[in-house]
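Residue-level structural notes
Given next are the chains, with one letter for each unit.
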Amino acid sequence: MKHLATSPPPLRLILGVFLFAAVCMPRVYGQKAVFASAKSTTSVSHDAGKIVDITVTGRVTDASTNEPLVGCSVILKGTQKGTSTDANGNYSITVPNEKSVLVFGFIGYTKQEIAVGNNAKLDVSLKSEASDLAQVVVIGYGSATKKDMTGAVKSLKSSEFNKGIINSPEQLLQGKVAGVNVTSASGEPGASQNITIRGPGGLRTGSTPLFILDGMALDNSSTGGATNPLTFLNPQDIESIDVLKDASATAIYGSRGANGVVLITTKKGKAGFSTLTYSGSVGISKIARALPVFTADEFRTQVKAVGGVLEDLGGNTDWQKEITQTAVTQNHNLSFGGGADKLTYYGSFGIQNQEGILKNSNLNRYTGRINVSQKFLDDRLTVDVNLNATYTTNSRPPTESMIGGAISANPTYPAYDNNGKPRNYPNFTNPLITLRLQKDASTINRVIGNISPSFKITKNLVYKLNFGIDNSAGVRDIQSLANLEPQQDGRLETYNTYNRNKLIENYLTYTLNTGAHNMTALVGHSYQKIFVQGRNTSINKFPITDIEPIYNPGLGQELTLANNKPGGYALINELQSFFGRVNYQYKDKYLATATVRADGSSKFGANNKYGVFPSFSLGWRISEEEFMKSAGFTDLKLRAGWGQTGNQEIPAKITQALFTSQVSASTSYPLYPTGSFPAGTSYTRLANPNIQWEVSTQTNVGLDFGLFRGALTGAIDYFHKVSNNILLEVIPADPVQPAGTFWTNVKDMTITNKGLEIELNYRYTAGNGLRFDIGGNMTFISNIVKKSPYTVIPSGSASGSGLTSATINGYISGQPIGTFFLKEFTGFDDKGISTYRDINGDGVVGDNDRIAAGSALPTKQYNINGNVSFKGFDLAVNFNGVSGNKIYDNTANANFYKLRLSKSLNTTPEAIANPKESINNSAPVSTRFLKDGAFFRLNNLSLGYNVNTKAIGLGKWVNGLRLSVTGQNLFVITKYDGYDPEVNIDRTIGGITSYGIDYLSYPKARSVVFGLNVTL
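Residues numbered from 1 in each chain as written. Predicted model: local features only at pLDDT ≥ 70, side-chain atom pairs only at ≥ 80, totals over all residues. Heavy atoms only, no water.

1. Concerning unusual backbone geometry
Here the residue pair Glu485 and Pro486 is connected by a cis peptide bond, since its omega of -5° sits within 30 degrees of zero. Positionally, Pro486 belongs in the loop between strand E25 (461-480) and strand E26 (491-513). Positive phi values are uncommon outside glycine, yet Asp379 reaches one of about 70°. Topologically, Asp379 is positioned in the loop between strand E22 (362-376) and strand E23 (381-396). For Asp379, a relative accessible area of 36% gives the class partly exposed. Phi is positive for Ser904, which is not a glycine, with a value near 65°. Inspection of the secondary structure assignment puts Ser904 in the loop between helix H11 (898-902) and strand E49 (930-932). For Ser904, a relative accessible area of 5% puts it in the buried group. (Helix = DSSP H or I, 4+ residues; strand = E, 2+ residues; numbered from the N terminus. Buried < 20%, exposed > 50% of the residue type's maximum accessible area, 1.4 Å probe, protein only.)

2. Quick word on the packing of aromatic side chains
Following the criterion strictly, the structure yields 23 aromatic pairs and no others. Geometrically, the ring pair formed by Trp319 and Phe428 is edge-to-face, given 5.7 Å between the ring centres and 70° between the ring planes. Taken together, the positions of Trp319 in helix H6 (residues 319-323) and Phe428 in the loop between helix H7 (399-408) and helix H8 (431-437) put the pair 109 residues apart, joining distant regions of the chain. Assigned by exposure class, Trp319 and Phe428 land together as buried. When the centroid spacing of 5.5 Å and the interplanar angle of 45° are considered together, the rings of Tyr764 and Phe772 count as tilted. The exposure class assigned to Tyr764 is partly exposed, which follows from its relative accessible area of 36%. The partly exposed category is assigned to Phe772, whose relative accessible area is 27%. (Phe/Tyr/Trp six-rings, centres within 6.5 Å; stacked < 30°, edge-to-face > 60°.)

3. Observations regarding the pairing of strand E51 (residues 960-974)
Where strand E50 (residues 935-946) and E51 come together, 11 bridges link them in antiparallel fashion. Of the residues in E51, the one forming a bridge with Asn940 is Gln968. Both E51 and strand E53 (residues 1005-1015) contribute to a ladder of nine bridges, which runs antiparallel. Residue pairing in the sheet places Gly967 in a bridge with Val1008 of E53. (Pairing = 2+ DSSP bridges.)

4. Describing the pattern of salt bridges
A complete count under the given rule lists 36 salt bridges for this structure. In this structure, Asp704 and Lys637 form a salt bridge, with 3.9 Å as the shortest nitrogen-oxygen distance. Taken as a pair, Asp704 in strand E34 (residues 694-707) and Lys637 in strand E31 (residues 633-647) lie far apart in primary sequence, 67 residues in all. For Asp704, a relative accessible area of 15% gives the class buried. Counted as one network, the salt bridges with shared partners bring together Glu188, Arg396, Asp440 and Arg476. (Salt bridge = Lys/Arg side-chain N within 4 Å of Asp/Glu carboxyl O.)

5. With respect to the sheet that holds strand E48 (residues 886-889)
If you trace the three strands from one edge of the open sheet to the other, you get E49-E48-E52, paired in mixed fashion. The outermost strands of the open sheet, each flanked by one partner alone, are E49 and strand E52 (997-998). In the sheet, E48 pairs with E52 via two bridges, with the strands oriented parallel. Its bridge partner lying in E52, Asp889 is registered against Asp998.

6. So, the sheet that holds strand E17 (residues 238-244)
Taking strand neighbours across the sheet as the criterion, the five strands line up as E12-E17-E18-E15-E16 in an open arrangement whose pairing is mixed. One side of each edge strand has no neighbouring strand; the edge strands of this open sheet are strand E12 (153-157) and strand E16 (216-217). Pairing between E12 and E17: five bridges, direction antiparallel. Pairing of Leu156 across the sheet is with Ile241, part of E17.

7. As for the environment of Gln174
With respect to the helices and strands, Gln174 occurs in the loop between helix H3 (169-172) and strand E13 (180-184). Looking at Gln174, the relative accessible area reads 6%, which means it is buried. As for Gln174 and Leu707, which are separated by 533 residues in sequence, their C-alpha atoms are 27 Å apart. In this structure, Gln174 is in contact with Asn162, Val182, Ser184, Asn878, Asn880, Asn939 and Glu982, ignoring residues within four places of it in sequence. (Contact = heavy atoms within 4.5 Å.)

8. Brief notes about the confidence of the model for the chain
In this model, the chain carries a mean pLDDT of 85, and residues with pLDDT of at least 70 account for 90%. A low-confidence stretch, residues 1-51 (pLDDT under 50), is modelled with 88 contacts involving residues beyond four sequence positions or located in other chains. (pLDDT = per-residue confidence, 0-100.)

9. Focus on H7
What sets the pattern is the α-helix's 3.6 residues per turn: residues three or four places apart point alike. Most of H7 is tucked away: eight of the 10 residues are buried. Three or more residues of H7 are buried, namely Thr399, Met402, Ile403, Gly404, Gly405, Ala406, Ile407 and Ser408. On its buried side, H7 packs onto H6, H8, helix H10 (890-895) and H11.

10. A word on helix H5 (residues 296-305)
Within H5, burial applies to Ala296, Phe299, Arg300 and Val303. In an axial view of H5, the angular spread of the buried residues amounts to 100°, which keeps them on one side of the axis. Residues of H5 that are exposed and point over 90 degrees away from its buried face: Asp297 and Ala305. Those residues of H5 hidden inside the fold are in contact with H11. Directly after H5, the chain includes Gly307, whose backbone phi takes a positive value near 85°. (Arc of directions from axis to C-beta.)

As C-alpha cells, this is what we get:
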C-alpha cells in the first residue's frame, strides 16, 4: 500500500482533473447548458402549449471552390445550442420554429446569419475573408490581425505543423519559418533541439529563444535527466505557434527577447457544440544511414592489404545491426471540448511510448491538460485557467561507448557464445555487454498552470492578471552493474533536480476606435522568480546479484567521501519588469507600434540591475491607397522597425565574490619561499557590481504582398542585428590577482547577424475540387565577430585516443561564430606521414599555424512545402536543407584511419582512401576531418484520407474519420558520410558554446507512421 500511495503526483492530478471535468463541466454552476454533438436533433420549445420541432439539414461549402467546410459551427442564435459540420460539410439541427435564425461560422470566413423560414434544407456557401489578412496573430500580452502587424512575425496553425513522431514544439515548425534554424542534434528520443532565430548572438549566453506557453514564460533550465525541457508538452494540444523574430516584435519581452520569442497557444473549447476526439498512431523506425564500415570479408582483405596483423575468429558480425533495433512508437490521445456562451472547456489525455533505434533506449510520456474559460458579471469578467501535468520516463544506453565499440569492433568476432549470451573477449569489450551493464534512467514530473482573469473596467479599458506556476522534479540514476568479466565493481549515481518558476503579471489594455483613428495602448508590470536546485549522491562496490543498485542502493559497500562525496547547488533568479506598448492605425493604411520595457535582474550587480529596451516600427499598407486600387494587389505593405533587446542568460551569482578555504597551491599563498601553504580563506572570484545587460540592436525592413486575389502571397525581410556589451569570462590584465578569471562586459566586442528572408506561397483551386498550394522560404544569413579581446577564444573539445587536449572551434575577430580553428592538412610526405601548412614559416607546425577553416553556421537555409487535396484525399510534403556550413567529423578522426585498421580494428573505406598513408601515421585534429555539412532532406511526407462516414453507415455516431500514413526522414542528399549531417554534439569549453561537431552521435531514424483520427 505504501508503494501505491507514492505513485507520481501528476498522475493523481491528471485523474483528478478529468474527474472534475467529467462531473462538473456540463453543470456550468447551475446554468442550463446544452452541449449538442454534431448529430444532436433533440430540442423542445413550447408554442401555445404545443410542441413544435423543425429539423434543418444542409451542407456548408466554400463559396469559391464548392469544397465542404469540415467543422463549421452551426448555432441557433440566442441560445447555447449548436452543432458542427461533418467530414463532408453536412449538418443537422432541430430548431423551435420557422422564426429561428442559424449562425454559420468558420475561421477565415465571413459569418452568415440565415432565418430558417419554411426551409427544411439549407445549403450555405461561406465567403473567405480577404486572403489571410484577418488571421489573428499572438504578439505577446495581446493579439493583432496579420494585416495590422508592423514587426517580423510568423504564425503557424496546427494544420501546418510537421507530422509524424514529434517530441517537442521545435520539431513542429522545423522548415516552416524563414530565419529559424532547428537542428535535431541527435536521433535519440526526447533529445534536445538546437533552435536559433536569425543566428546566435552570444558566445556563452546561449541562443535559445524565449518560449511562452499560454502567457507563461518558461525557463530554459534543465528539469532533470538528459531530455529536452520542452518534451513535457503534448504536440496534439497545440493550436498555434507564433514566432517573433525582430526587435520591434520581441522588445515587449525585453531582457529575454534577444534570441527571439516563440509563443505557444494550446487548444481551447468552442461555445455551442461539443466534440470528443481520439487520435492514435503507430510508428515503425529503423536506422536511416549506418556507417559504411567493412564487412567481415572486406575486413579480412583490407587488414592484410595494409600489412596489418589479422585476428580472425571466423565470425561475420554486423555490430551496428546488433546494437540497433526496429523501434515501435505508439501515440494515443483523447481530447474533448465544447461549451456554452458563458463557459468553454478543452481537456486531453495523451500517452506516447517511443522506442529508440538503439537498444535499451525509450521515452514514455503521459500528459493531461484542462483549459477552461468562464465569464461572469454580464461578461465583464472572464477567467481563463490552463493546467498541464506531465509524467516522463526516459532510458538511455551508453551511446558513445556502445557506438564506439560497434563501429570499431572486429567483424570476424562472433557476438554471442554457444549459449546465446554476449561473448566475452580478453582484449575487447563486447558492445552488447556494455549495453547490459550500463543504464541511465530518468523520471520527470512537471506541472505547469496559470490563471488569467480579465476585467472590463469600462468599454475600452481592460485589466488582466496572469499568475502562473511551473514546477518540475526530476530524478536521474546512472547505474553500472557489478561484473566479473569484464571486471567492474558496480556504481550508482543519483541526481535530483528541482525547478520552480513563479510568474505574476498585471497589465491594462486601452482601445480607442474613432473611425479613421484606431489605437491600442498597453501598460503593465511583471515579476518572475525561478528557483533551481540540484543534489547528487553516489555509492560504489555492489555485489553481483540480481538486484539492481537502483532498487537497493544500500547494497553498496563503499561510501567514502573521496569517491562518493555528496554534491549539490541551488540558485534563485528574479526578474522584475515594467512594460508598455502603443499600436496606432490611421485609416487602416498607416501603422505604428512603439514599445518599451525596463527589466531588472538579480543576475546583475547593484550598479546595473536594470536595463531599458525600446523599439518602434512603422507600416504602410500601400495596397489601400487609391492609386493602387487597380494594380492587382490584394495586399502590399511596407514595414520598418528598430529596437533593442537584452540578454541575461548567464550563470547566477557571477557578480558576487566567491571564496574558498581549500588549502592548495592554486588557492593559497605561501608566507615564505619554502614550506607548506597556510590554511585560510581566499578569493576564487572577485565581485563585479558593474556587470550589465548584453544588448542586441536590430533593424528590420520588410515587404508583404499578395496578388491574384490572394492566390500568390509572400514576404521579404532584411535584418541587421548587432550584439554588444558581450558578457564574457576573461583573464585579468594584472597577473597578480587572487582569481584567475573574472566576468565582465567586453564593450568594444560585437557579434553581427545580418541577412535576407524570402517567403513565397501559391494556392490554386480548380472547379472539380482539386486544391493545392506550394510554397517555401529561403534565408541568406551571415555572422561575424569583431574586436574580440583575444586572438582566439577556444571551444569544441575533441574526443578520442590522443585527442583529449585538442580544440576544434575558435572565436576569432573577423570570423563567424562556430568557426573551425585548425591546422591545415596538406597530404602525406614520402614516409606516409601527415603534413600540415606552416603558416608563419618558422619551420615548426604548431598551434600558431592554425587557420580559420570555415564555420558550422549555414549561410543559406531553404525549405519547400506543398499540399494537394482532392475528394477526401490529401498529400503534404516538406523538404528542408542548409548549405555553406561545415562539420567536424570527430568520429572519423578518432576511429577511421589506417593505423587502427592495421591493429585489426574496423574502419570505413575513408581510412584507406590514400594509399600513400603509412600505417604508423597518427591522426591529430586538422582540416583532414572537416567536411561539407550541406544537405537537402525530405523531412515529412503525409498521405491522408477523410472517410465518408455516412457512406459506410457510421454517420449517425461518427462525425469525422481520418486515416493517414506519414514518412519521416525518407531521404537526405548530402556529401557528409557520417550518420547524419544535422548534428551538433555539445563540446563546450568553459561555457563557450561549440558548434558543428559530430562524435559518436545517436543515429537518426527513418520512420513510417500510421495514424487514425476519430471525431464524435
